[in-house]
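Now for the letters of each chain:
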Amino acid sequence: MNTIQHTPRILVFDSGVGGLSVMREIQQRLPDCQYLYASDNAAFPYGTKSEDELIARVDKVLHALLQHIEQGYGPVDIIVVACNTASTLTLPHIRSHFTQPIVGVVPAIKPAAIHSATKLIGLLATPATVARPYTHDLIREYAGNCTVISVGSSELVHLAEQKLRGETIALEKIAAIVAPFATAPRAAELDTLVLACTHFPLLQDELRQCLPGTIQFIDSGEAIARRVAFLLHQPPPVSRTDLRHCHLALFTKATREVELLRAALSNFSLEKVDIVAC
Ligand code: DGL
């Protein structure tokens, strides 16, 4: 990447609010960047879309977002596809269509296999990510010595959205979704759970209440933050007085839900909302 003369501008993209769990990690590592968080709420959720539909959708939305951001705010320096469902399918395609470096989020199978003492690990993702050949290849390559219990749930994605809108989440629903991690053969040995959907770290507290305390959770957020910092050659060349920018949330559809998310967005320093209808 060429040296960046302005405050680095990072676009973090997901189908919904899940990517905020990744952006939080990047913000901690790189507080002096400008963050543009985009939710493709018009096409949410991604986990139930066909492969062809999702490839076309991500391509279309990213083009629309980049055009909007570049016209209104300036060039985007790096794109983070903070969605396992999209990354495990669309990365080769979008990398060939955009000039910015693109960082994808894929299931943290490799670190989980390394950390697990019992070599029995859980994979919690969307149904699409669980079924992806990309995910099966990761398991074959990095967790060949492990048994993997996989659970795919779209309902959990909706529950994370509801939580960020300030709604009360019924723990029984989460308990029912993760029940296979307690009832599968040898389940008592499970010591590591991969949260392979970016929505799920947002439900970390609720998941903890529904699973044995001995299980450690692993997600890809911190690794993504390290990768972004490496690509940007941090620290960025800015002075404090140069930080007049504001962070921005973008949605592909104006809805009542967007308004209900304002408080949660503000916790991530996203005070302004733009709608990029597409
Ligand atoms: N947050 C997304 C992921 O990491 C997907 C949620 C969805 O739209 O199904 O997979």
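Right, let's walk through the structure included here. (Residues numbered from 1 in each chain as written. Predicted model: local features only at pLDDT ≥ 70, side-chain atom pairs only at ≥ 80, totals over all residues. Heavy atoms only, no water.)

Our next topic: the overall build of the chain. Along its length, the chain carries 13 helices and 10 strands. Overall, the C-alpha framework of the chain stretches about 55 × 40 × 40 Å when taken along its three principal axes. Expressed as a percentage of the 278 residues in the chain, the buried residues total 55%. Total accessible area computed for the chain in this model is approximately 12000 Å², and 51% of it derives from carbon and sulfur atoms. For the chain, the separation between the mean place of its 24 positive charges and that of its 27 negative charges on side chains is 2 Å. (Helix = DSSP H or I, 4+ residues; strand = E, 2+ residues; numbered from the N terminus. Buried < 20%, exposed > 50% of the residue type's maximum accessible area, 1.4 Å probe, protein only. Areas by Shrake-Rupley, 256 points an atom, 1.4 Å probe, with all protein chains shown as cover. Lys, Arg positive; Asp, Glu negative; His and termini not counted. Charge placed at Lys NZ, Arg CZ, Asp CG, Glu CD.)

With that settled, the discussion passes to the sheet that holds strand 2 (residues 34-39). Read from one edge to the other, the open sheet built from six strands follows the order 4-3-1-2-9-10, with strand pairing classed as parallel. Each end of this open sheet is capped by a strand with a single partner; those strands are strand 4 (102-104) and strand 10 (270-275). Adjacent strand axes in the sheet meet at a mean angle of 20°, parallel and antiparallel pairs treated alike. The pairing of strand 1 (residues 9-14) with strand 2 spans six bridges and is classified as parallel. Along strand 2, the bridge assignment pairs Asp14 with Ser39. Taken strand by strand, helix 1 (residues 20-29) contacts strand 1, strand 2, strand 3 (78-81) and strand 10, and its axis lies near 175° from that of strand 2. Sitting on the sheet, helix 11 (residues 221-232) is in contact with strand 1, strand 3 and strand 4, with an inclination near 165° to strand 4. (Pairing = 2+ DSSP bridges. Axes fitted to C-alpha atoms, helices over the stretch in contact; angles between N-to-C directions. Contact = heavy atoms within 4.5 Å.)

Taken together, 13 residues sit near the ligand, with Ser15, Tyr46, Gly47, Thr85 and His199 positioned nearest. Within the side chain of Ser15, a nitrogen or oxygen atom sits 2.6 Å from an oxygen atom of the ligand. The contact in question runs from an oxygen atom of the ligand to an N or O atom on the side chain of Thr85, over 2.5 Å. In isolation the ligand offers 300 Å² of accessible surface; the protein chains occlude 100% of this area. Its residues assigned to classes, the shell around the ligand comprises five nonpolar, seven polar and one charged. (Near = heavy atom within 4 Å. Polar contact = N/O pair within 3.5 Å; in protein donor to acceptor, adjacent residues only side chain to side chain. Nonpolar A, V, L, I, M, F, W, Y, C, P; charged D, E, K, R; others polar.)

So, on to the nonpolar core. If you look at the biggest cluster of nonpolar residues, it comprises 33 residues, and the most contacted ones within it are Ile10, Leu20, Ile26, Leu30, Val80 and Val228. Counting only elements with at least two residues in this core, the list comes to strand 1, helix 1, strand 2, strand 3, helix 11, strand 9 (247-251), helix 13 (262-267) and strand 10. Counting residues per element, this core draws most heavily on helix 11, at six residues. Non-local contacts of Val228, meaning those with residues more than four positions away in its chain, are made with Ile10, Ile26, Leu30, Ile78, Val80 and Val103. (Core = buried A, V, L, I, M, F, W, Y, C linked by side-chain atoms within 4.5 Å.)

The tally for this structure, following the rule as stated, stands at nine salt bridges. Across the salt bridge formed by Glu167 and Arg165, the nearest N and O atoms sit 3.1 Å from each other. Looking at Glu167, the relative accessible area reads 35%, which means it is partly exposed. (Salt bridge = Lys/Arg side-chain N within 4 Å of Asp/Glu carboxyl O.)

A few words on unusual backbone geometry. Cis geometry is adopted by the peptide bond preceding Pro45, which originates at Phe44 and carries an omega value of -5°. Tracing the backbone through its elements, the reader meets Pro45 in the loop between strand 2 and helix 2 (51-72). A positive phi angle, near 60°, is found at Lys119, a position not held by glycine. With respect to the helices and strands, Lys119 occurs in the loop between helix 4 (109-115) and strand 5 (120-125).

A few words now on the environment of Gly19. Checked against the element boundaries, Gly19 lands in the loop between strand 1 and helix 1. Using a relative accessible area of 0% as the deciding quantity, one classes Gly19 as buried. Residues Gly19 and Val105, spaced 86 residues apart in sequence, show a C-alpha to C-alpha distance of 9.5 Å.

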